[in-house]
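Below are the chains, spelled out letter by letter.
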Amino acid sequence: MYSLSKLLAQMPSFTQSRMVTSGIGIWMVYSGHVSKPLVQTLMDHGGVQLATDGNQSLWFFFSKEAHRALARLQIWLRLNPLQIFFEVMPATFLVGYDMTYSVSIAPDLKDQYLSNPGDPVIWVHPKLEEGVLSVPGLGVKPGNVHAGMSTLDWKLLFTDPSFNYESELGWYFIIKPLGKKLDKEYSTGWRYFYSRVEPIIQRLGLKYIWNDSFLILPIDSMRLLRNWCREIIYLIRDIKSGGEGHYWPMVMAAVPKQGLNFNEDLPKKVALEWNRLAPDYPHLSFRDAFTLGRDFDVNEIGYSMSKGRLEDWCHITLGSESKERSTEQSIQIKLPRKLLAGDTECFYCGLKSHKAPDCPSHGFMTLKPEVWEELATIPISQYSAVCQELDEALSESSATSLNRVLEGTGKARVLATAIFEMTAPFQLRFLRLIWRSRSKDWLNAFDQLAPEEGEYIWVAMECMQGQKREEAEVQLKQATLRFPRSYQPRSLNGFVSMEAQDGNQALYYFQEAARLSYTPVQKVHFLMLHGRMHEILGEYEKATALYKEAELLSRGWGESRYRQGVCMVKMGFTDHAMNVFQECIDKNPHYFNRILLDPELERGRFQIQATMSELWKDAKELDKEAKKQLEALSNKMTAWFSKDHEFSQEVQKSFARLRSYGEIENYVFVRKLAAGCNTLEEEIDKRIESEVSRLSKKVEIYFARLKTIMREASWFPFPKMLRDFSRDFNYCAEKMHWMYTQYLKNAENFRRGQAYSLEVEERLDRLQKRLVTLRLLRDGTFFGLILGRNFLWMQLVGLGLALLLMPLIVYLAEHSTGYLSNLILTQKWNLQKGLILVLSIVAMCLAALRTAVTFEKRKRKFFDQEYERVREERLARERKKRDAFKARRKLQVEAVKQAQAVVKPASKPWKTAGGPQGRGAGGKQQDKPTPASRR
């Protein structure tokens, strides 16, 4: 059993449709295999196959071509009988916002079913009888309906075979090259394209008109249109990928033939905005594009979406191209349609939804560069949703609703603010800053601003920003009379003339302002305004030349370079513009988001999004590598530094910031993450080098301290008492020897070395504290020894004097009289003891005094001499070893020479090539002597 509801269930359902149109639906049921000519006939008459299930399918036709197709099939089925059933009914074609389509039919028709198709029949709905009768040769007649059909007055289609039921569909396919005819590249590219397309035209048997401005071909059938579109898309793809240098962009469109004649004036009569068509893709109406079949993908044109009709224009691509782009990294952003639709382009913001005098930018007073950071925090996958949110927030009075959005909150406000910030250099708020700037360099153009001084001009500026143009003109006339050589009134007069739609006068004022300007900053700005005016007037080549001149004077400011790319896109040279945009993105990643959302790039949006998808795909790979690099750096930090290390604590903050970058899927943060990882890696490597060098220096310092401690402690007279001291000393010596011999640029060795350095430093401090006590004991012992030595020899001198003086005193006492003499004679032994005691005390005092005076000098001399003696002994031992090695080497060399002298022949050496190692006197080969060392 065949059910129509099964076919309807296969099609998508929409809560809200973008486009709706009425037409004709055909339910076809057949048995066996469907004939290819049958399906081809339906397609050639503009049929769109909506769904198929087994041996049934559902078709939709936009016009009465459905009746002609069925008439041809009825005639064909008389000669080729099949079991087939057709039911023709009214239907409504629905198109969703994602360019998918469906059909809607009356509820009483949805539940129809059929058990067996039977003989060929074509049933016509009562509402379509009038349309059938309007086709010559067609009629209807009553019949017995099949079981399962709805209870309506169905009629059978009747066909008169004497009439011709060929399709009346036809188009003129027009191809127009972009640029000027006088350009050499234009001529070369256009003629090369013609040389490549001419064989296709001849193969398809098409007529054509060709000259230097366009190529026109009449297309008389849907099958031919389908083949031609496929051929032309493949041809352009081949030319662009060939690398022969002859590619030239061009726009093309298939225009229905109704009311048009095949002549050279045809492009002028077509109501089509050629300057807004995307280059290199065929443009058709939505109605014709959907009839081409599912081999082609339909792509919307943003500026035509405000009407929402199937007669609006779109461009097509091959389904394989879309499949190539339908990866996870593809970017498909639909900008707010209400901002793109319109005929005039606003000078201030580039939007077509309002005119310059009504632009919301009048009320802006300051620049808002921070909006780019806010925009970067929105993931790219959400851009379409934000655009839709902004589109829903806008009303028909777009200027008023834009002001309301700009004053609100949320992501829609960020997007709207960013759109106005894209063209900030062309707005009045930027001119205010230029008037106040005194800088000569764009890098710090607005760092130092002068106060708002001057008569009339600031009042005129306030009037312009308050949208009071007449009052501003009065003030500017006074300012021009008061300051005839000033650039300020002329620059504002340019805006006044622009809002009055006097483009030529605005160009004059901007040119005069540039001529009268004082600094490069001022001149660059007025060159930009001059170029912008040409851009609004559609003179893109003149605008590009002025932007290039501004670029030469504004090194470091990317706006002039970016505007050149915008002009290329508006001219249709999107591929050339992408090279310019790539330069801008490389210098500032915020241009990536700007290019995606710039409404002025609508003409080349399809190609731009395709290229940006590739960049985003590369960015995703870069993001993965950066995250791996970040994890590697985290592991590296863990391996090299402990958590308590001050540098580790600083780096953890950087890690947290970079990880937060990785959580936002935006090109800007991907670039920030990659750049931050590279910078952090350099910092970590530098810090590791510094720490390793510092640790090596610490080891050297510790060695010097340990040597000092060793020298000081080696003179301690009681080494067995230094058990703890010796343990700490040996530990320090062991660890420092390990640090000195190991490769410290290894993470494990470095971490161990750092740990050892802390312990060694602690123990060295403890050793030095203990060394104070040891030094006191050592110095005390040395002082006592010197004191004893001095006392002994002084005591000996005193005793010698006592032995000499005592007999002399006794002798003098015996030869003299008096009380003193008797006392000496009677107490001579006691006197002798007293003298010895006095001399001993004096010797002790003198020894102590001498020792105290000479102790430091003798201590330094003694220990330094001893240290030098030990050092000299060590050096002497090393010299002795070297001399012994040289002597052995000398003996070996002499032994080799003696061995060679023994085997050398006694005759004179040969002067010819056959010397002692050649042939001898007897002509025999001599054996080559072997040195003794080798033997």
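Up top is the structure.
Residues numbered from 1 in each chain as written. Predicted model: local features only at pLDDT ≥ 70, side-chain atom pairs only at ≥ 80, totals over all residues. Heavy atoms only, no water.

**Student:** Hey, could you run me through the packing of helix α20 (residues 503-516) against helix α21 (residues 520-536) in this one?
**Tutor:** Geometrically, a packed helix pair is captured by the angle between its two axes and the distance between the axes. The N-to-C vectors of α20 and α21 enclose an angle of 165°; their axes lie 8 Å apart at closest approach. Here α21 runs roughly antiparallel to α20, going by the angle between their axes. Along this stretch, α20 crosses α21, giving a crossing that reads as left-handed. Of the residues in α21, those touching α20 at Gly-503, Ala-506, Leu-507, Phe-510, Gln-511, Ala-513 and Ala-514 are Lys-523, Phe-526, Leu-529, His-530, Met-533 and His-534. (Axes fitted to C-alpha atoms, helices over the stretch in contact; angles between N-to-C directions. Helix = DSSP H or I, 4+ residues; strand = E, 2+ residues; numbered from the N terminus. Parallel < 35°, antiparallel > 145°, perpendicular 65-115°, else oblique. Left-handed = near helix turned anticlockwise from the far one by under 90°. Contact = heavy atoms within 4.5 Å.)

**Student:** Is there a simple way to explain the sheet that holds strand β11 (residues 171-177) in this structure?
**Tutor:** Strand-to-strand pairing in sheets goes through backbone hydrogen bonds, with the strands running parallel or antiparallel. The strand order across the open sheet built from seven strands is β12-β13-β11-β14-β15-β17-β16, with neighbouring strands paired in mixed fashion. The outermost strands of the open sheet, each flanked by one partner alone, are β12 (209-210) and β16 (296-300). Inspection of the sheet shows β12 paired to strand β13 (residues 215-219) by two bridges, in the antiparallel sense. Within the sheet, the bridge partner assigned to Ile-209 lies in β13 and is Ile-216. Sheet strands touched by helix α7 (residues 222-242): β11, β13, β14 (250-256), β15 (282-285), β16 and β17 (313-318). Its angle to β17, the strand with the most contacts, is close to 70°. (Pairing = 2+ DSSP bridges.)

**Student:** How should the pattern of salt bridges be read in this particular structure?
**Tutor:** Charged atoms that come close allow side chains of opposite charge to pair. Taken as a whole and assessed by the stated rule, the structure comprises 46 salt bridges. Between Glu-311 and Arg-287 there is a salt bridge, with the nearest N and O atoms lying 2.5 Å from each other. With Glu-311 in the loop between β16 and β17 and Arg-287 in helix α9 (residues 286-291), this pair connects stretches of sequence that are 24 residues apart. Ionic contacts of the salt-bridge type, sharing partners, join the residues Glu-345, Arg-532, Glu-535, Arg-563, Lys-570 and Glu-600 into one network. (Salt bridge = Lys/Arg side-chain N within 4 Å of Asp/Glu carboxyl O.)

**Student:** So what exactly am I meant to see when it comes to the pairing of strand β8 (residues 121-124) here?
**Tutor:** Along a regular strand, successive side chains alternate from one face of the sheet to the other. Residues Val-121 and Trp-123 point to one face of β8 and Ile-122 and Val-124 to the other, with burial holding for every one of them. Where strand β5 (residues 84-95) meets β8, four bridges bridge the pair, whose relative direction is parallel. Considered in β8, the bridge of Val-88 is made with Val-124. One ladder, built from two bridges, connects β8 with strand β10 (residues 155-159); its direction is antiparallel. Following the sheet pairing, Val-124 is matched in β10 by Lys-155. (Buried < 20%, exposed > 50% of the residue type's maximum accessible area, 1.4 Å probe, protein only.)

**Student:** Where do I start with the pairing of β13 in this structure?
**Tutor:** The buried fraction of β13 amounts to five of the five residues, a majority that puts the element mostly inside the structure. The pairing of β11 with β13 spans five bridges and is antiparallel. Of the residues in β13, the one forming a bridge with Phe-173 is Leu-217. Counting the residues between successive antiparallel strands, the hairpin from β12 to β13 contains four residues.

**Student:** What is the right way to look at the packing of aromatic side chains in this model?
**Tutor:** The geometry of an aromatic ring pair comes down to the distance between the two centres and the angle between the two planes. This structure, assessed with the given rule, holds 43 aromatic pairs. Measuring from centroid to centroid gives 5.2 Å for Phe-60 and Phe-62, while their planes differ by 85°, and the two rings are edge-to-face. The buried category is assigned to Phe-60, whose relative accessible area is 0%. An angle of 65° between the planes, with centres 6.4 Å apart, marks the rings of Phe-347 and Phe-426 as edge-to-face. Of this pair, Phe-347 sits in the loop between α11 (337-340) and α12 (371-376) while Phe-426 sits in the loop between α15 (411-421) and α16 (428-436), and the two are 79 residues apart along the sequence. Both residues of the pair, Phe-347 and Phe-426, count as buried. The structure contains a cluster of three or more aromatic residues connected by ring pairs, namely Phe-60, Phe-62, Phe-93, Tyr-101, Phe-286 and Phe-290. (Phe/Tyr/Trp six-rings, centres within 6.5 Å; stacked < 30°, edge-to-face > 60°.)

**Student:** Sorry if this is basic, but what is going on with the packing of helix α19 (residues 487-499) against α20 here?
**Tutor:** Following both chains from N to C, one finds α19 and α20 inclined at 160°, their axes separated by 8 Å at the closest point. With respect to each other, α19 and α20 are oriented roughly antiparallel. For the crossing formed where α19 meets α20, the hand is left-handed. Seen from α19, the contacting residues are Tyr-487, Arg-490, Ser-491, Asn-493, Gly-494, Phe-495, Ser-497 and Met-498; seen from α20, they are Gln-505, Ala-506, Tyr-509, Phe-510, Glu-512, Ala-513 and Leu-516. Among the residues making up the contact of α19 with α20, the classes are represented as eight nonpolar, five polar and two charged. (Nonpolar A, V, L, I, M, F, W, Y, C, P; charged D, E, K, R; others polar.)

**Student:** Got a minute to help me understand helix α3 (residues 65-79) in this structure?
**Tutor:** Count 3.6 residues to each turn of an α-helix, and residues three or four apart come out pointing the same way. Taking 1.5 Å of rise per residue, 15 residues should cover 21 Å, and α3 covers 22 Å from first to last C-alpha, within 8% of that figure. Those residues of α3 that sit buried are Glu-65, Ala-66, His-67, Arg-68, Ala-69, Leu-70, Ala-71, Leu-73, Gln-74 and Leu-77. (Expected span 1.5 Å × (residues − 1).)

**Student:** Can you walk me through unusual backbone geometry in this structure?
**Tutor:** For residues that are not glycine, phi is negative in most cases, and the peptide bond is trans in most cases. The phi dihedral of Gln-467 is positive, around 60°, even though this residue is not glycine. Assignment of secondary structure puts Gln-467 in the loop between α17 (457-465) and α18 (469-482). Gln-467 gets classed as partly exposed once you look at its relative accessible area, which sits at 46%. Notably, Gln-501 is not glycine yet its phi reads approximately 60°, a positive angle. Structurally, the position occupied by Gln-501 is in the loop between α19 and α20. On the accessibility criterion, Gln-501 (64% relative accessible area) is exposed.

**Student:** Just checking my understanding: could you explain the state of the cysteines for this structure?
**Tutor:** Any covalent bond linking the sulfur atoms of two cysteines counts as a disulfide. Here the structure, examined in full by the defined rule, presents zero disulfides. Looking at the unpaired Cys-229, the closest cysteine sulfur is the one in Cys-314, lying at 10 Å. A relative accessible area of 0% means that Cys-229 is categorised as buried. (Disulfide = S-S within 2.5 Å.)

**Student:** Can you walk me through the side chain of Gln-112 in this structure?
**Tutor:** Mapped onto the secondary structure, Gln-112 falls in the loop between α4 (107-110) and β7 (113-114). A relative accessible area of 1% places Gln-112 in the buried class. Polar side-chain contacts of Gln-112 include one of 3.2 Å to the backbone nitrogen of Ser-150. Ignoring sequence-local partners within four residues, the contact set of Gln-112 consists of Tyr-2, Ser-3, Leu-4, Trp-27, Glu-87, Gly-148, Met-149, Ser-150 and Trp-154. (Polar contact = N/O pair within 3.5 Å; in protein donor to acceptor, adjacent residues only side chain to side chain.)

**Student:** Explanation requested: the nonpolar core in the structure shown.
**Tutor:** Generally speaking, nonpolar side chains in soluble globular proteins are found buried as a group. With 120 residues, the main nonpolar core has Phe-347, Tyr-348, Leu-492, Phe-495, Phe-592, Leu-597 and Met-612 as its most contacted residues. Sequence-distant contacts of Leu-597, that is, excluding residues within four places in its chain, are made with Ile-333, Leu-335, Leu-375, Tyr-383, Cys-387, Leu-415, Ile-419, Met-422 and Arg-605. Counting residues in hydrophobic clusters, the runner-up holds 69 residues, among them Tyr-2, Leu-206, Ile-219 and Met-250. (Core = buried A, V, L, I, M, F, W, Y, C linked by side-chain atoms within 4.5 Å.)

So yeah, pure geometry; function would need other evidence.
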